Amino acid sequence: QVHLVESGGGLVQAGASLSVSCAASGRTFSGYATGWFRQAPGKERQFVAGISGWNVDITYYADSVKGQFTISRDNAKNMVYLQMNSLKPEDTGVYYCAARPIGPLATKSDEYSFWGQGTQVTVSS
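Residues numbered from 1 in each chain as written. Predicted model: local features only at pLDDT ≥ 70, side-chain atom pairs only at ≥ 80, totals over all residues. Heavy atoms only, no water.

Participant: I'd love a proper account of the overall build of the protein, names of residues and values included.
Facilitator: A tally of regular secondary structure across the protein gives zero helices and 11 strands. Counting from the amino terminus, the protein carries its helices and strands in the arrangement β-β-β-β-β-β-β-β-β-β-β. Here the C-alpha radius of gyration of the protein, 13 Å, is about what a compact globule of 125 residues would show, namely 14 Å. Across its three principal axes, the protein shows a C-alpha extent of roughly 40 × 25 × 25 Å. Counting all 125 residues of the protein, 46% fall into the buried class. Of the roughly 6200 Å² of accessible surface on the protein, a fraction of 50% belongs to carbon and sulfur atoms. Considering the protein, the positive charge centre built from 10 side chains and the negative charge centre built from 9 side chains are found 3 Å apart. (Helix = DSSP H or I, 4+ residues; strand = E, 2+ residues; numbered from the N terminus. Rg over C-alpha atoms; globule rule 2.2 N^0.38 Å. Buried < 20%, exposed > 50% of the residue type's maximum accessible area, 1.4 Å probe, protein only. Areas by Shrake-Rupley, 256 points an atom, 1.4 Å probe, with all protein chains shown as cover. Lys, Arg positive; Asp, Glu negative; His and termini not counted. Charge placed at Lys NZ, Arg CZ, Asp CG, Glu CD.)

Laid out in structure tokens, this is it:
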């Protein structure tokens, strides 16, 4: 069982940078693949970025954020991060951290077993 808690969201202007964090419980978290999803108002939750487990740390990004966002993890601290640069109003949404108890990363929300409560990111124009 893994418990996830996101933090770091907020209101920023377009062009700014913001980092959101995900704190995970569980001694074997390093074995979990982790992803970030976001949900804009009135839209479905969509994959943003993922990172594999077991210290392999393969990363994968949605086309819309490639070169703009960076996902990373610190297994010693049971933390996963999403660094977001050059933010745009369309990046606005609730950002969720998700984890699945196997190593390979995934891009579909139903492939993840554990979810955080989400953190709001709002980008003003």
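Participant: Account for the packing of aromatic side chains, naming residues and giving values.
Facilitator: What the rule picks out here adds up to eight aromatic pairs. Between Tyr32 and Phe114, the aromatic rings sit 6.1 Å apart at their centres with planes inclined by 50 degrees, giving tilted as the arrangement. Taken together, the residues span a long stretch of sequence, with Tyr32 in the loop between strand S3 (18-24) and strand S4 (33-39) and Phe114 in strand S10 (residues 114-115) at a distance of 82 residues. Residue Tyr32 is classed as buried on the basis of its relative accessible area, which comes to 8%. Take Phe114: its relative accessible area is 14%, and that puts it in the buried class. When the centroid spacing of 5.0 Å and the interplanar angle of 55 degrees are considered together, the rings of Phe37 and Trp115 count as tilted. Highlighted residues: Phe37 in strand S4 and Trp115 in strand S10, separated in sequence by 78 residues. Overall, the relative accessible area of 27% leaves Trp115 in the partly exposed class. Taken together, Phe37, Phe47, Tyr60, Tyr96, Tyr112 and Trp115 form an aromatic cluster joined through their ring pairs. (Phe/Tyr/Trp six-rings, centres within 6.5 Å; stacked < 30°, edge-to-face > 60°.)

Participant: Before we move on, can you summarise the pattern of salt bridges with the specific residues and values?
Facilitator: Inspection of the entire model under this criterion finds two salt bridges. Between Asp91 and Arg38 there is a salt bridge, and its shortest N-O distance comes to 2.9 Å. Here Asp91, found in the loop between strand S8 (79-84) and strand S9 (93-100), pairs with Arg38, found in strand S4; they are 53 residues apart in sequence, far enough to count as distant. Among the residues examined, Asp91 registers a relative accessible area of 2% and is labelled buried. On the basis of relative accessibility, which here comes to 6%, the residue Arg38 falls in the buried class. (Salt bridge = Lys/Arg side-chain N within 4 Å of Asp/Glu carboxyl O.)

Participant: Give me the side chain of Thr34: which residues, what numbers.
Facilitator: Within the secondary structure layout, Thr34 lies in strand S4. Those residues in contact with Thr34 that lie beyond four places of it in its chain are Phe29, Ala49, Gly50, Ile51, Ile71, Arg73, Val80, Cys97, Ala98, Ala99 and Tyr112. (Contact = heavy atoms within 4.5 Å.)

Participant: Would you mind going over the pairing of strand S5 (residues 46-51) in detail, with residue names and values included?
Facilitator: Within S5, five of the six residues are buried, which leaves it mostly tucked inside the rest of the structure. Counted along the chain from S4 to the antiparallel partner S5, the turn is six residues long, and its residue Gly42 has a positive phi close to 75 degrees. With three bridges joining them, S5 and strand S6 (residues 59-61) adopt antiparallel strand pairing. Each residue of the ladder has a partner; that of Ile51, found in S6, is Thr59. (Pairing = 2+ DSSP bridges.)

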